[in-house]
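# Secondary and tertiary structure notes
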Amino acid sequence: MNRTTAPPSRIDQDREIEAVRRAWRLTEPEPTYSDPPWLKTAMRQAAERGDLPQRRAWEQLTHVLDRAGYSHLVDHPFVIKADGERHVCLEPYYSVCTERATSDAKRLGELLLCNVRVSLRSWHYPGFTIRITFAPKQTTEVNESNE
């Protein structure tokens, strides 16, 4: 088969993805083993207001959001460090990220009293996922290298 017509190999695809990450100056994220303290506080306050389900001691944000009906946003969760804080990111596939998903992300920002940023620059599968970043209110912008 001619090289120009052969489907790209997994190695070729991985190289292309890495090239996009470098071009966008993305740094590798951390897994979300535990939610940042500011987010735990925001989740507790939202639950006290009745805006989100009560968080159990072992439960992370992703579980709470899934139970609250936001499962379409909860995909490829991780943490980035910016401005001295840990920001939580979700990277759902673009196909499910309709205008509703963007408005739901903004609504969550209101419920959690935090900043929300939606970006097409994503780590998981650049070009096929979007990044939704939740940051504490005192943080005004997400560091460009982590967008």
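Computed from a prediction, not measured in an experiment: that's the story for all the values here. (Residues numbered from 1 in each chain as written. Predicted model: local features only at pLDDT ≥ 70, side-chain atom pairs only at ≥ 80, totals over all residues. Heavy atoms only, no water.)

## Here's the deal with the pairing of strand β1 (residues 78–82)
What counts here: With a 1.4 Å probe rolled over the protein chains alone, any residue whose accessible area is under 20% of its type maximum counts as buried; one over 50% counts as exposed, and the rest are partly exposed. Helix and strand labels come from DSSP, where a helix needs a run of H or I of at least four residues and a strand needs a run of E of at least two; each type is numbered from the N terminus. Two strands pair if DSSP finds at least two bridges between them.
Burial analysis of β1 places four of its five residues in the buried class, the great majority of the element. Judged from the five bridges that link them, β1 and strand β2 (residues 85–90) form a sheet pairing that is antiparallel. Bridge pairing in β2 links F78 to C89. Between β1 and the antiparallel strand that follows it, β2, lie two residues; D83 among them carries a positive phi value of about 55°.

## What to know about the sheet that holds β2
This is how it is decided: Throughout, an axis means a line fitted to C-alpha atoms (over the contacting stretch in the case of helices), and angles, computed between N-to-C directions, take values from 0 to 180 degrees. Between two residues, a contact is recorded if the distance between any of their heavy atoms is within 4.5 Å.
In spatial order, the strands read β1-β2-β4-β3; together these four strands make up an open sheet with antiparallel pairing. In the strand order of this sheet, the two ends are held by β1 and β3 (114–119), each with one partner. Between one strand axis and the next, the sheet turns by 30° as a mean value, whatever way the strands run. Where β2 and strand β4 (residues 131–136) come together, three bridges link them in antiparallel fashion. Within the sheet, the bridge partner assigned to L90 lies in β4 and is I132. The strands touched by helix α4 (residues 99–111) are β3 and β4; relative to β3, the strand with the most contacts, the crossing angle is about 160°.

## Some points on the side chain of T129
Applicable threshold: Any N or O atom pair separated by 3.5 Å or less is treated as a polar contact, with the protein-specific requirement of one donor-capable and one acceptor-capable atom, and with residues adjacent in sequence counted only for side-chain atom pairs.
Along the chain, T129 falls in the loop between β3 and β4. A relative accessible area of 1% means that T129 is categorised as buried. Only 2.6 Å separates the side chain of T129 from the side chain of S122, close enough to count as a polar contact. Once residues within four sequence positions are removed from consideration, T129 is found in contact with E91, P92, Y93, Y94, L120, S122 and H124.

## A closer look at unusual backbone geometry
You will see that H76, though not glycine, has its phi angle at about 50°, which is positive. In this structure, H76 sits in the loop between α3 (61–67) and β1. Classification of H76 as partly exposed rests on a relative accessible area of 22%. Its identity as a non-glycine residue notwithstanding, L113 has a phi of 50°, on the positive side. Along the polypeptide, L113 turns up in the loop between α4 and β3.

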